[in-house]
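Observations on the three-dimensional arrangement
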Amino acid sequence: MPAVSPDSAAGNASPLVTAGEHVHAPEREARPAPQRDQQTLVEAGELLRALAAPVRIALVLQLRTSERCVHELVDALGVAQPLISQHLRVLKSAGVVYGERHGREVVYRLVDEHLAHIVVDAVAHAEESAGHRSRPAADRPSGQETETA
């Protein structure tokens with residue numbers, strides 16, 4: 001049986017939409033996204049892989065606020081110095097951070113703000129998703145059930 005929109009039920013001249021049919025919002029055009037160069041996609045994938053570790057995400061969040069040396073990152077994150085150094089090497093080789101020597105210390109900073117936006121948006125999304133998962137089903141808007149593994 002076809003689904004009836006509220007407008008058509010009220011006698012307006014809206015077309016009927018059958019169940020399962022996809023309808024686009026009028027302000028959105030259905031057109032394909034522009035194709036990207038294969039090398040660009042490979043580099044983007046490598047960047048995302050470099051960011052795909054909790055300690056590296058935490059490092060980017062720390063460096064987003066200000067440049068830091070290794071011992072400051074160790075203190076801020078409570079992670080052993082060798083592990084911080086290892087993760088900084090991964091981020092450095094991926095072009096996420098760079099280090100500048102100041103006497104005996106190397107001060108690290110983000111290469112650019114785009115990288116911080118990627119991480120901040122991912123963390124915000126994870127926090128929002130966690131909020132939805134932790135709410136009882138009765139408190140969630142319909143269609144936002146949690147999946148069970």
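From a predicted model like this one, the values you see are computed outputs, not experimental measurements.

Regarding the sheet that holds strand β1 (residues 68–69)
Pairing within the open sheet is antiparallel, and its three strands lie in the order β1-β3-β2. Sheet topology places β1 and β2 (97–102) at the edges, where each strand pairs with a single neighbour. The sheet contact formed by β2 and strand β3 (residues 105–110) spans six bridges and is antiparallel. The partner of G99 across the bridge, within β3, is Y108.

Concerning the packing of helix α3 (residues 54–65) against helix α5 (residues 81–93)
The description of two helices packed together rests on the angle between their axes and the distance between the axes. Relative orientation of the contacting elements α3 and α5 amounts to 80°, with a least axis distance of 10 Å. On the basis of the axis angle, α3 is roughly perpendicular to α5. Note on element contacts: α5 touches α3 through I84, H87, L88, V90 and L91, opposite V55, R56, L59 and V60.

Here we look at the packing of helix α4 (residues 70–77) against α5
The geometry of α4 relative to α5 is characterised by a closest axis approach of 9 Å and an angle of 115° between their N-to-C directions. In terms of their interaxial angle, α4 and α5 are classed as roughly perpendicular. Of the two possible hands of crossing, α4 and α5 adopt the one that is right-handed. In this structure, α4 contributes V70, L73, V74 and L77 to the contact, and α5 contributes Q81, I84, S85 and L88. Here the residues of the contact of α4 with α5 sort into six nonpolar, two polar and no charged.

Description of α3
Taking 1.5 Å per residue as the helical rise, α3 with its 12 residues ought to reach 16 Å, and the 18 Å between its terminal C-alpha atoms agrees with that figure. The set of residues buried in α3 consists of V55, R56, L59, V60 and L63. All buried residues of α3 fall inside an arc of 140° around its axis, so they share one side. Facing away from the buried side of α3 by more than 90 degrees, the exposed set consists of P54 and T65.

Re the side chain of R109
Turning to its location among the elements, R109 is positioned in strand β3. Only 3.2 Å separates the side chain of R109 from the side chain of E100, close enough to count as a polar contact. When sequence neighbours within four positions are dropped, the list of residues in contact with R109 reads L63, E67, V96, V97, Y98 and E100.

Focus: the pattern of salt bridges
Under the defined criterion, the tally for this structure stands at two salt bridges. When the shortest N-O distance is used, the salt bridge between R109 and E67 registers 2.1 Å. Residue R109 is located in strand β3, and its partner E67 is located in the loop between α3 and β1; the two are separated by 42 residues in the primary sequence. For R109, a relative accessible area of 18% translates into the label buried. A salt bridge links R109 to E100; the shortest N-O distance between them is 3.2 Å. Relative accessible area serves as the criterion here: at 34%, E100 is assigned to the partly exposed category. Salt bridges sharing common partners tie together E67, E100 and R109.

Definitions and limits used
Residues numbered from 1 in each chain as written. Predicted model: local features only at pLDDT ≥ 70, side-chain atom pairs only at ≥ 80, totals over all residues. Heavy atoms only, no water. Pairing = 2+ DSSP bridges. Helix = DSSP H or I, 4+ residues; strand = E, 2+ residues; numbered from the N terminus. Axes fitted to C-alpha atoms, helices over the stretch in contact; angles between N-to-C directions. Parallel < 35°, antiparallel > 145°, perpendicular 65-115°, else oblique. Contact = heavy atoms within 4.5 Å. Left-handed = near helix turned anticlockwise from the far one by under 90°. Nonpolar A, V, L, I, M, F, W, Y, C, P; charged D, E, K, R; others polar. Expected span 1.5 Å × (residues − 1). Buried < 20%, exposed > 50% of the residue type's maximum accessible area, 1.4 Å probe, protein only. Arc of directions from axis to C-beta. Polar contact = N/O pair within 3.5 Å; in protein donor to acceptor, adjacent residues only side chain to side chain. Salt bridge = Lys/Arg side-chain N within 4 Å of Asp/Glu carboxyl O.

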